[in-house]
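Fold and geometry: a report
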Amino acid sequence: MTASETRPLTATRSFPSDFLWGAATAAYQIEGAAAEDGRTPSIWDTFSHTPGKVFEGHTGDVAVDHYHRFREDVGIMSELGLNAYRFSVSWSRVQPTGRGPAVQKGLDFYRSLVDELLAAGIEPALTLYHWDLPQELEDAGGWPERATAERFAEYAGIVADALGDRVTRWTTLNEPWCSAFLGYGSGVHAPGRTDPVASLRAAHHLNLGHGLAVQALRSSLPADRQIAVSLNLHEVRPLTGSAEDLDAARRIDAVGNRIWLGPMLEGAYPEDLILDTAHVTDWSFVKDGDTATARQPLDLLAINYYTPTLVSRVPEGAEKPQDDGHGNSDHSPWPGSDAVAFHRAPGERTAMGWPVDASALYDLLTRVSDAYPQLPLVISENGAAYEDVVSPDGSVHDPERAAYVHAHLEAVHRAISDGVDVRGYFLWSLLDNFEWAYGYAKRFGAVRVDYDTLERTPKSSARWYARVARSGELLAPDGD
């Protein structure tokens, strides 16, 4: 079934009464306090301080100073009617070298954040890893090395022991595709390596680390805790219906999606992925039992979605468009896909240049639900960057962002109406913040941050989203 064939939405467009209405952030993007209370550099500290890697040399040293302003930020969440908040823990704030005992001041920050959230009636949703590997672990080889997966499980146990009494929702990894293929393949993300073999090794050890971390969490957490992984699954569409373009879509689905879904949910890598990448690696780094370890029972599958992926096949050696939306590099983040071209779909685009197409989110949710019908889903990230303009009175009117979110919530509602078990939606992002290699040039926040004064100002889209969250109804954004 396609989006155009679905039945119309109900008149009220109500969401389930227990639906999670949240917003999401990541530690390096908002916390700042980069060298306080025992925190040591992560790969993103090193990368952002390397000339030429991040727009205009921006870093997350201060970010939006959430480390010192978290109470103010929780107050804003409460004003916006959120009932959930997804945040990540900085590994190097808690365990600076990536091994050994925890730094209690680092854990105390997260204890205080969680307590503040619970006091405000906001459910904390904790992500263990959002790309900020301790630099010492990268110096020892990083994710391409098996030991990093083992260290990750130890770190998961530390955080579980500290916060498991009050945090119900746990996520192991955020977007491991970006960690592996943007970090070790194309080099546009930290640590900035450009080695296709290393990127596939990293992918495997992220899968293994996820499984080991789930085991560590299960052994430490109360039995009623919910564990998930957050994947930026690609809704891959062929440019035409030709056999060549269909094969291009299959290849990208393999290295973009099934490289995670296979081990994590089925206990094996797809055979076509192994064949597609045989000229890159023999996969000898996969040891007996690894994929069984990666496959651990999950309570939720979290999905991040922003834009569809449009591909075609081109003759080997021919010039091809590479508009995959993942930054500019002479090195591909798609090993085994040298003959695949990426196209930008026509129509409206965000400030990131990403096409706006909510139908792809519906298609993605229904496809995943059909494949794994017993596994509930949650949208752990969805949102858009636009060129926000501050009015003379200091307000920000951003109808484009409200329209984007409205369209994607329509897609979620349509999926729920068609039987897909979607439990919640986390808007990306709560705050304008450090947008990785784009620095502070791109604003995704529902709340504007003045980077000079750090003053927070909810945008008109935030006020609209607050009305939706409080009512549980998909209200029209008109009039904001």
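Here the structure is shown first, and the text comes after it.
In this text the structure is predicted, and so the values were computed from the model without any measurement. (Residues numbered from 1 in each chain as written. Predicted model: local features only at pLDDT ≥ 70, side-chain atom pairs only at ≥ 80, totals over all residues. Heavy atoms only, no water.)

Below, the discussion takes up the overall build of the protein chain. For the protein chain, the helix and strand inventory stands at 15 helices and 13 strands. Here the C-alpha coordinates of the protein chain stretch approximately 55 × 55 × 45 Å along the principal axes. When the 480 residues of the protein chain are sorted by exposure, 61% land in the buried category. For the protein chain, the accessible surface area stands at approximately 17,500 Å², while carbon and sulfur atoms represent 50% of it. Within the protein chain, the 68 negative side-chain charges are centred at a point lying 2 Å from the centre of the 41 positive side-chain charges. (Helix = DSSP H or I, 4+ residues; strand = E, 2+ residues; numbered from the N terminus. Buried < 20%, exposed > 50% of the residue type's maximum accessible area, 1.4 Å probe, protein only. Areas by Shrake-Rupley, 256 points an atom, 1.4 Å probe, with all protein chains shown as cover. Lys, Arg positive; Asp, Glu negative; His and termini not counted. Charge placed at Lys NZ, Arg CZ, Asp CG, Glu CD.)

A volume near 760 Å³ is recorded for the largest pocket. As for the largest pocket, its lining consists of 45 residues, of which Leu182, His189, Gly325, His326 and Trp354 are closest to the centre. Tallied by class, residues from the lining of the largest pocket come to 19 nonpolar, 19 polar and seven charged. Its boundaries defined by the atoms lining it, the second largest pocket holds a volume of some 430 Å³. (1 Å grid on protein atoms, 1.4 Å probe; cavity = no way out; pocket = protein on both sides within 12 Å on 5 of 7 lines; lining within 4 Å. Points joined across faces, edges and corners; volume = space filled by probe spheres on them. Nonpolar A, V, L, I, M, F, W, Y, C, P; charged D, E, K, R; others polar.)

A separate point is the sheet that holds strand 6 (residues 236–238). Overall, mixed pairing links the three strands, which are arranged 6-8-9 in an open sheet. Every interior strand has two partners, whereas the edge strands, strand 6 and strand 9 (340–343), have only one. Neighbouring strand axes in the sheet, compared pairwise and without regard to direction, differ in orientation by 40 degrees on average. When strand 8 (residues 309–313) meets strand 9, the two strands line up antiparallel, connected through four bridges. Within the sheet, the bridge partner assigned to Leu310 lies in strand 9 and is His343. (Pairing = 2+ DSSP bridges. Axes fitted to C-alpha atoms, helices over the stretch in contact; angles between N-to-C directions.)

Turning next to the sheet that holds strand 10 (residues 377–382). Strand order around the closed barrel formed by eight strands is 1-2-3-4-5-7-10-11, with parallel pairing between neighbours. Strand-to-strand twist across the sheet, computed as the mean angle between neighbouring axes with direction ignored, equals 25 degrees. The pairing of strand 7 (residues 300–304) with strand 10 spans four bridges and is classified as parallel. Considered in strand 10, the bridge of Leu301 is made with Leu377.

Next up on the list: the nonpolar core. Among the nonpolar cores identified, the biggest contains 151 residues, and Trp44, Trp170, Trp260, Leu301, Leu365 and Leu409 are the most heavily contacted of them. Discounting chain neighbours no more than four positions away, the residues touching Trp44 are Tyr28, Val54, Trp131, His189, Ala190, Phe434, Trp436 and Ala437. (Core = buried A, V, L, I, M, F, W, Y, C linked by side-chain atoms within 4.5 Å. Contact = heavy atoms within 4.5 Å.)

This part takes up the environment of Leu133. As for its position among the elements, Leu133 is in the loop between strand 3 (123–129) and helix 6 (135–139). On the basis of relative accessible area, Leu133 is assigned to the buried category, the value being 0%. A C-alpha to C-alpha distance of 24 Å links Leu133 and Leu300, two positions 167 residues apart in sequence. In contact with Leu133, other than residues within four places in its own chain, are Ser42, Ile43, Trp91, Glu138, Gly142, Trp143, Thr148 and Tyr184.

Attention now moves to helix 3 (residues 66–79). Here helix 3 spans only 17 Å end to end across 14 residues, well under the 20 Å set by a 1.5 Å rise per residue. The largest bend in helix 3 amounts to roughly 35 degrees and is located at Glu72. Considered for burial, the residues of helix 3 that qualify are His66, Tyr67, Phe70, Asp73, Val74, Ile76 and Met77. Looking at the buried side of helix 3, the elements it contacts are helix 1 (27–30), strand 2 (84–88), helix 4 (91–94), helix 5 (104–119), strand 12 (447–449) and strand 13 (456–458). Remark: Gly81 follows helix 3 within two positions and exhibits a positive phi of approximately 75 degrees. (Expected span 1.5 Å × (residues − 1). Bend = angle between axes of the 7 residues up to and from the residue.)

A few words now on empty space enclosed by the protein. Evaluation of the coordinates by the stated rule reveals four cavities of 30 Å³ or more. As a volume, the largest cavity reaches approximately 120 Å³. Going through the elements one at a time, strand 4 (169–174), strand 5 (226–231), strand 7 and strand 10 are the ones with two or more residues in the lining of the largest cavity. Of the residues that constitute the lining of the largest cavity, the class distribution is nine nonpolar, three polar and two charged. Of the pockets and cavities examined, the second largest cavity occupies roughly 70 Å³. In terms of lining, the second largest cavity is formed by Ile43, Trp44, Tyr129, Trp131, Trp143, Cys178, Ser179, Gly183, Tyr184, His189, Ala190 and Pro191. Those elements that provide at least two residues to the lining of the second largest cavity are helix 2 (43–48) and helix 8 (176–182). Considering only residue class, the lining of the second largest cavity consists of nine nonpolar, three polar and no charged.

The next point concerns the pattern of salt bridges. If charged atoms from side chains of opposite charge come close, those side chains can pair. As enumerated under the stated definition, the model contains 36 salt bridges in all. Residue Arg13 is joined to Glu410 by a salt bridge in which the shortest nitrogen-to-oxygen separation is 2.9 Å. Of the two residues, Arg13 sits in the segment before strand 1 (20–24) while Glu410 sits in helix 14 (residues 399–417), which places them 397 residues apart along the sequence. When the shortest N-O distance is used, the salt bridge between Asp73 and Arg456 registers 2.8 Å. Pair noted here: Asp73 is in helix 3 and Arg456 is in strand 13, with a separation of 383 residues, a long-range link. When sorted by exposure, Asp73 lands in the same class as Arg456, which is buried. Connected through salt bridges with shared partners, the residues Glu235, Asp247, Arg250, Arg251, Asp253, Arg258, Asp272, Asp276, Arg313 and Arg367 form a single ionic network. (Salt bridge = Lys/Arg side-chain N within 4 Å of Asp/Glu carboxyl O.)

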